[in-house]
Amino acid sequence: MSVGLATSAIQSDGSFGYRAEIVTDDMVNSNGERLEDLAAILQQDRANYHRFDIRQDGDETDPFFDDFQTRARMQVVYKPGPRDAEIESLLAFGAIIRLDVEVCLRNGRPVQIGIRYSDTDGTICG
């Protein structure tokens, strides 16, 4: 799943996706504290990618989360689901996995984030 959207396409309703390889570096915050909440792990993954230039081979870029305030919204927009208890549990125990992340937009703002194992079928935003 690659990000092939022009910036103008991000200004409206729709969705975009990216692949994230979640590793140990993504499971700790900048203070070295362990993160167990998946939204916080996704947020740290994007901070590592955009701000700290910590990237894994399985990480893809995204057109949206290079900004701190937008990354901070991940906590809010992940909660409405769809959630995957198995993935959340694996990450809470420190498993390293690749995820497809789909971000649903309304009026150019993230309103929902969904995750699934990479290379599985389906869409989250409909």
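Description of the structure in this document. (Residues numbered from 1 in each chain as written. Predicted model: local features only at pLDDT ≥ 70, side-chain atom pairs only at ≥ 80, totals over all residues. Heavy atoms only, no water.)

Another aspect to go through is the overall build of the protein chain. The helix and strand tally for the protein chain stands at four helices and three strands. Taken from the N to the C terminus, the helices and strands of the protein chain come in the order β-α-α-α-α-β-β. Each of the 126 residues in the protein chain was classed as buried or not, and the buried ones make up 44%. Sequence separation of at least 24 residues holds for 60% of the intrachain contacts in the protein chain that already meet a minimum separation of 6. Counting only carbon and sulfur atoms, one obtains 45% of the accessible surface of the protein chain, whose full area is about 6600 Å². (Helix = DSSP H or I, 4+ residues; strand = E, 2+ residues; numbered from the N terminus. Buried < 20%, exposed > 50% of the residue type's maximum accessible area, 1.4 Å probe, protein only. Contact = heavy atoms within 4.5 Å. Areas by Shrake-Rupley, 256 points an atom, 1.4 Å probe, with all protein chains shown as cover.)

Bringing the nonpolar core into the picture now. Ranked by size, the top nonpolar core spans 25 residues in total, and within it Leu42, Leu91, Leu99, Val101 and Ile113 carry the most contacts. Looking at this core, the elements with two or more residues in it are β1 (14-22), α1 (38-50), α3 (74-78), α4 (85-92), β2 (97-106) and β3 (109-117). The contacts of leucine 91, once residues within four sequence positions are left out, are Ile22, Met27, Arg34, Leu38, Ile41, Ile97 and Leu99. (Core = buried A, V, L, I, M, F, W, Y, C linked by side-chain atoms within 4.5 Å.)

Taken as a whole, the largest pocket encloses approximately 180 Å³ of empty space. The wall of the largest pocket is formed by Asn29, Ser30, Leu35, Ala40, Gln43, Gln44, Ala47, Arg51, Phe52, Phe68, Arg71 and Gln75. Elements that contribute at least two residues to the lining of the largest pocket include exactly α1 and α2 (68-72). The biggest single contributor to the lining of the largest pocket is α1, with four residues. (1 Å grid on protein atoms, 1.4 Å probe; cavity = no way out; pocket = protein on both sides within 12 Å on 5 of 7 lines; lining within 4 Å. Points joined across faces, edges and corners; volume = space filled by probe spheres on them.)

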